[in-house]
2 protein chains.
Amino acid sequence: MVRRRFLAIFVVVLLNAGGAQTALASDSTTADRIAQRLLTRGLRDSRAYDLLRELTTIAPHRLSGSRGAAVALELTGEMLRRVGATNVRAESLMVPHWERGALEKGEVWLSGRSSPLPLSVCALGGSIATPRKGIVAEVIEVKSLEEASHLGPKANGKIVFYNRPMDPTLFETFAAYGGAVDQRGGGAVAAAQAGGVAALVRSITLAHDRVPHTGAMGYRDGVPKVPAAALSTVDADTLSALLRRDPHLKVRLELSCRSLPDAPSANVMGEIIGSEHPEEIIVVGGHIDCWDKGDGAHDDGAGCVQAIEVLRLFRELGIRPKRTIRTVMFMNEENGSRGGKAYATHPDRARERHVAAIESDRGGFAPRGFTVQGDSVLFERVMKWQSAFAALGADHITRGHGGVDIGPIVEKEAPGFGLVVENHRYFDYHHSGNDTLDKVNPRELELGAIAMAMLCYCLSEM
Amino acid sequence: MVRRRFLAIFVVVLLNAGGAQTALASDSTTADRIAQRLLTRGLRDSRAYDLLRELTTIAPHRLSGSRGAAVALELTGEMLRRVGATNVRAESLMVPHWERGALEKGEVWLSGRSSPLPLSVCALGGSIATPRKGIVAEVIEVKSLEEASHLGPKANGKIVFYNRPMDPTLFETFAAYGGAVDQRGGGAVAAAQAGGVAALVRSITLAHDRVPHTGAMGYRDGVPKVPAAALSTVDADTLSALLRRDPHLKVRLELSCRSLPDAPSANVMGEIIGSEHPEEIIVVGGHIDCWDKGDGAHDDGAGCVQAIEVLRLFRELGIRPKRTIRTVMFMNEENGSRGGKAYATHPDRARERHVAAIESDRGGFAPRGFTVQGDSVLFERVMKWQSAFAALGADHITRGHGGVDIGPIVEKEAPGFGLVVENHRYFDYHHSGNDTLDKVNPRELELGAIAMAMLCYCLSEM
């Protein structure tokens, strides 16, 4: 009797061990097989670039509140239907509405000269206009907000020129960007506090060219509003050199931008319903708004079309996920992040449970991996998929921030994931007239979509 | 007595253990510190791109035996001196000398039409010319050398058109290239064997444009020589479509290329002498010759200037390597690999011992890691440096082929290392008029040089 029981336990243990091993092997094999199927299908049809061409052709300018943004919402809704998404719909929200206007002009007037040198400038997003005749003032150069705050009477009546470059020696360009962007965001407030009449900010880019890069800036209650413009890096170097020779030169700045009342807009979304847990949602998305200087090809047309392509790949391969995969075009990442907030607080969210949120907003470059914003138990679990992602060149998995748009839903209930791509060229194009389709490589863009689809699959079957 | 001896042994063991631990910790710290110093200095000064601008401006066309190749040898010798290399010298060798000539022209004559459609073609390297009046013949399309060999009498008097694309579904573009390039290399022989009068080969690229890509082709003793040309991918698709509608269309091909007698040339090199083992050599290099359609910016101007930049970085940082680091500009990788062979068999090699050879010949894109061509003991050793390479984004270390130029010295005595870079765009430019400076990103190019310098450092101190 003892013997038989012992034998039975032994057999059960053996069976279990065998079962576990088989499950493990088959899981890993399944993941590898799915990665291969996604890769083959994605690289053969490669539709992400076609979608991006369509988006940047039909709705190149998509700043929140603009006509282009509305067209882009219509168009991406149509794209979602085209790839077979269900429940394609818009969730309304209000967005800030700022317009650049027709005029933005900068000039340097050297002492004693009768004609000016042109400066390549553009208004920063959110800036007020200059008076109609422009601002003409002397310039004082600083390297930081801190330095501006100590200028004292020297800054009175002058244009404060922020000229600290991105640090090129940092391997991570996003870190270099983070180290310089405070000048853009806070330059106008610090200039006004110092008695200045405008802020001129070196473009936050590693490129050395004559293309100015825009981006969000802000004002503070109780501090006078002064206009703020970006200056190309070449022009910033030139102005700095001229100032050393001629400290009393003047810059003339004309901007016709303006803020309008908040405008109605929306997040657009569509999904593949999960076969086993339809109420459990995996969000995958990018932001559909973009700055108006370029066509938002990398930032973030790429992320949007990749998120649409994820659904197409699932449909084409006949993969029915266990959980619902929802593609979201978030509105207004650039100057307010209203879309991400509205998504997380929409009444429909009360009936749903988000198990993950994935964002692509670092450009359509070759994928290298992703960040995981969640606890260490989740991270360890995710790391088990690493070998399957190696086949996509996307196995660099680290803990880190998921993304701005998914931020609110991540904070509320779901772990976040951010697609990480080759980053060395991103800020060359970012927020500038150079962010156009020709800077995107079709194969690299598609590989990003494939990596996102693979992540959706793993999270769905988890 | 026993006790004292025991104590002594115990102390020695303790000291050794402590020493080993310290050495290990400090080794790892040193490697990380050197990686950081290389990164900071390289990204701050970033000279590789300046060197590449100079090379592609002064000697854009550097095919073996050409005037441009001779100018490039002079120029890179001068660059080596400029960065502080010692023993800058040339080692003579003879190279094949093929010239494209002024004329290369393709046309499609549809049945019953009185004017032709232009075809974007270029002679393949090594091809004979067409007769002066050109070749006019019907076309037969095949997808492989194998298919050509079974054409039978159908191929008689026709132009054999090889139209198998690179397989876009392979993640590794080099594998996709390897899977298609036999058509270019062997197409003329197979065409002649089938009774054809010329070979027309779809360009070996993933780009879909009208730019033809050249590259080496060969003839075989006893098989008649027929001219061979590349056709752009768009033109290949067009020709294929036209052939389905009009199987008796004719193509007219005119090429004025020719082979001349072998010409004198050289490998150029310079070095930093090792402080402890000067006779132990670490070779780092690229090939200075390139195809004549573009400027050889990625292939392989990038590898050459990176290898020069390695020496500059050592000099600038005052790092005196224990072993000699020798930068070599190999000649004639593209159509003969004579430089690599001449280097390995030069009489001076008898007095030297090569401990490693590193090659960069996959384009000046962002580095991802390197291949190791050596035994598993070496590989395990190299893998210990992985974390230091992670700081450079170059920690993807795999076993694999080092490179064509270093092949002979690797076969003779030294382990080989090949810089591995982001590869998705390489074949868009490779061997074509698009391989120009504007396709290279300064930061990515420099990062490759930094990764090579780091590898030199690790191998030198090993």
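Remember, predicted model here, so these are calculated numbers, not experimental data.

Student: I'm lost on the environment of B:Val201 in this one. Help?
Tutor: Residues and elements named next belong to chain B. Within the element layout of this structure, Val201 appears in strand S7 (residues 198–202). Among the residues examined, Val201 registers a relative accessible area of 1% and is labelled buried. For the pair Val201 and Ile140, spaced 61 residues apart in the sequence, the C-alpha separation amounts to 12 Å. Here Val201 is in contact with Leu124, Tyr162, Gln183, Arg184, Ala229, Ala230 and Leu231, once residues within four sequence places are set aside.

Student: What is the right way to look at the sheet that holds strand S10 (residues 258–272) of chain A in this model?
Tutor: Paired through backbone hydrogen bonds, the strands of a sheet run either parallel or antiparallel to each other. Residue and element names in this part refer to chain A. An order of S1-S10-S12-S11-S13-S16-S14-S15 is seen for the 8 strands of this open sheet, with the pairing classed as mixed. The open sheet has two edge strands, strand S1 (86–99) and strand S15 (396–399), and neither has a second partner. Direction aside, the axes of adjacent strands within the sheet are offset by 20° on average. In terms of strand pairing, strand S11 (residues 277–287) meets strand S13 (residues 353–359) through 6 bridges, oriented parallel. Across the sheet, Val283 pairs through a bridge with Ala357, a residue of S13. Lying on the sheet, helix H8 (residues 297–317) is in contact with S1, S10, S11, strand S12 (323–330) and strand S16 (416–421); it crosses S11 at an angle near 145°. Contacts between helix H9 (residues 338–345) and the sheet are confined to S1, S10, S11, S12 and S13, with S1 contributing the most and set at about 140° to the helix.

Student: Honestly, the sheet that holds strand S8 (residues 228–231) of chain B in this entry has me stumped. Any pointers?
Tutor: Residues and elements named next belong to chain B. One open sheet holds the 8 strands; their spatial order is S3-S2-S9-S5-S6-S7-S8-S4, and the pairing between them is mixed. Whereas interior strands pair on both sides, the edge strands pair on one side only; in this sheet they are strand S3 (117–119) and strand S4 (121–123). Sheet twist, expressed as the mean angle between neighbouring strand axes with direction ignored, is 35°. Where strand S6 (residues 159–162) meets S7, 4 bridges bridge the pair, whose relative direction is parallel.

Student: How should the side chain of A:Gln183 be read in this particular structure?
Tutor: Residue and element names in this part refer to chain A. Here Gln183 shows up in helix H6 (residues 182–193). Among the polar contacts listed, one links the side chain of Gln183 to the backbone oxygen of Ala180, at a separation of 3.0 Å. Among all residues touching Gln183, those that are not within four sequence positions of it are Lys143, Leu145, Tyr162, Asn163, Arg164, Val201 and Ile204.

Cut-offs and rules
- Residues numbered from 1 in each chain as written.
- Chains lettered and ligands numbered in written order.
- Predicted model: local features only at pLDDT ≥ 70, side-chain atom pairs only at ≥ 80, totals over all residues.
- Heavy atoms only, no water.
- Helix = DSSP H or I, 4+ residues; strand = E, 2+ residues; numbered from the N terminus.
- Buried < 20%, exposed > 50% of the residue type's maximum accessible area, 1.4 Å probe, protein only.
- Contact = heavy atoms within 4.5 Å.
- Pairing = 2+ DSSP bridges.
- Axes fitted to C-alpha atoms, helices over the stretch in contact; angles between N-to-C directions.
- Polar contact = N/O pair within 3.5 Å; in protein donor to acceptor, adjacent residues only side chain to side chain.

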